[in-house]
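One letter stands for each residue in the lines below.
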Amino acid sequence: MKAAYYQIHRFPKLTGYRILGPHLIGISVPAILLTTFIEIELLHIPYEYILYGLVCAILIAGMHAMIEYYHTSSAIFPLLDHVQQEALQRYNQELTLEGETLVSLKTKFQLSALLFGAFPLLLFSLATQMRLSQGDALLIEIYWIWSMLVLLVGCGLSLYGARLLFSICNSL
């Protein structure tokens, strides 16, 4: 029963890995094929488009993994209750993780805030970069300096907000 209880608690984390693994493999194969097609001149697009696609796909995979992590976290409660009741009925013992934390609340808040803060900023930056890539090189350089500044400020504010939220929740 203890092993089952522990394994159920691992489901959200395993779900995140289950989402990320296939997504990252699914991203790699097309990127390799496209690069090969460009190299043997069957396809005529800039290599940087593949990089843009990879970055966007990784962001989307990360967001998908995070969403599934939270869905699974809420879905395991009835199962945990059932296993807890069975342990009490059969062995008169309450199950715990014995103080072990699989993923800390602080880490959950920070990664979530970072993804929520960075996701729209990075997607916007990449979309704008593709639009600007047909223009002046100096304009693109200035754009990326400003984009990185906005991204850093956005991520910083997201992490700061996550820390504040964590400290408030932690003090309750």
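Preceding block: the structure.
The sections below set out a description of the structure shown in this document. (Residues numbered from 1 in each chain as written. Predicted model: local features only at pLDDT ≥ 70, side-chain atom pairs only at ≥ 80, totals over all residues. Heavy atoms only, no water.)

Our focus in this paragraph is the pattern of salt bridges. Counting across every chain of the model gives one salt bridge. Linking glutamate 86 and arginine 90 is a salt bridge whose minimum nitrogen-to-oxygen distance equals 3.0 Å. Within this pair, glutamate 86 and its partner arginine 90 are both found in helix α3 (residues 77-91), separated by four residues, close to a single helical turn. (Salt bridge = Lys/Arg side-chain N within 4 Å of Asp/Glu carboxyl O. Helix = DSSP H or I, 4+ residues; strand = E, 2+ residues; numbered from the N terminus.)

On to the packing of helix α1 (residues 2-39) against helix α2 (residues 47-75), then. Put simply, α1 and α2 touch, their axes get as near as 8 Å, and they point 165° apart. It follows from the interaxial angle that α1 and α2 lie roughly antiparallel. Crossing geometry of α1 relative to α2 is assigned as right-handed. Across the contact of α1 with α2, the residue classes break down as 17 nonpolar, eight polar and three charged. (Axes fitted to C-alpha atoms, helices over the stretch in contact; angles between N-to-C directions. Parallel < 35°, antiparallel > 145°, perpendicular 65-115°, else oblique. Left-handed = near helix turned anticlockwise from the far one by under 90°. Nonpolar A, V, L, I, M, F, W, Y, C, P; charged D, E, K, R; others polar.)

Considering all chains together, one arrives at two aromatic pairs under this definition. On the basis of an interplanar angle of 35° and a centroid distance of 6.0 Å, the ring pair of tyrosine 49 and tyrosine 52 is categorised as tilted. Of this pair, tyrosine 49 and tyrosine 52 are both found in helix α2, three residues apart, which corresponds to roughly one turn of the helix. What makes tyrosine 49 partly exposed here is its relative accessible area of 25%. Under the relative-accessibility criterion, tyrosine 52 is labelled buried at 7%. (Phe/Tyr/Trp six-rings, centres within 6.5 Å; stacked < 30°, edge-to-face > 60°. Buried < 20%, exposed > 50% of the residue type's maximum accessible area, 1.4 Å probe, protein only.)

Nonpolar side chains tend toward joint burial in soluble globular proteins. Of all hydrophobic cores here, the largest spans nine residues; its members are Leu59, Met63, Met66, Leu115, Ala118, Phe119, Leu122, Leu151 and Cys155. At the level of elements, α2, α4 (105-132) and α5 (137-171) are the ones that each hand at least two residues to this core. It is α4 that contributes the most residues to this core, four residues altogether. Filtering out sequence-adjacent residues up to four positions away, leucine 122 remains in contact with Leu59 and Leu151. (Core = buried A, V, L, I, M, F, W, Y, C linked by side-chain atoms within 4.5 Å. Contact = heavy atoms within 4.5 Å.)

Before going further, it helps to spend a moment on a nonpolar patch on the surface. Together, Ile25, Val29, Leu33, Leu34, Phe37, Ile40 and Leu42 give the surface a local cluster of nonpolar side chains, amounting to about 650 Å² of exposed area. Mapped onto the fold, phenylalanine 37 is located in helix α1. Phenylalanine 37 gets classed as partly exposed once you look at its relative accessible area, which sits at 35%. (Patch = residues over 30% accessible without salt bridge, like charges linked within 9 Å, V, L, I, M, F, W, Y side chains within 5 Å. Areas by Shrake-Rupley, 256 points an atom, 1.4 Å probe, with all protein chains shown as cover.)

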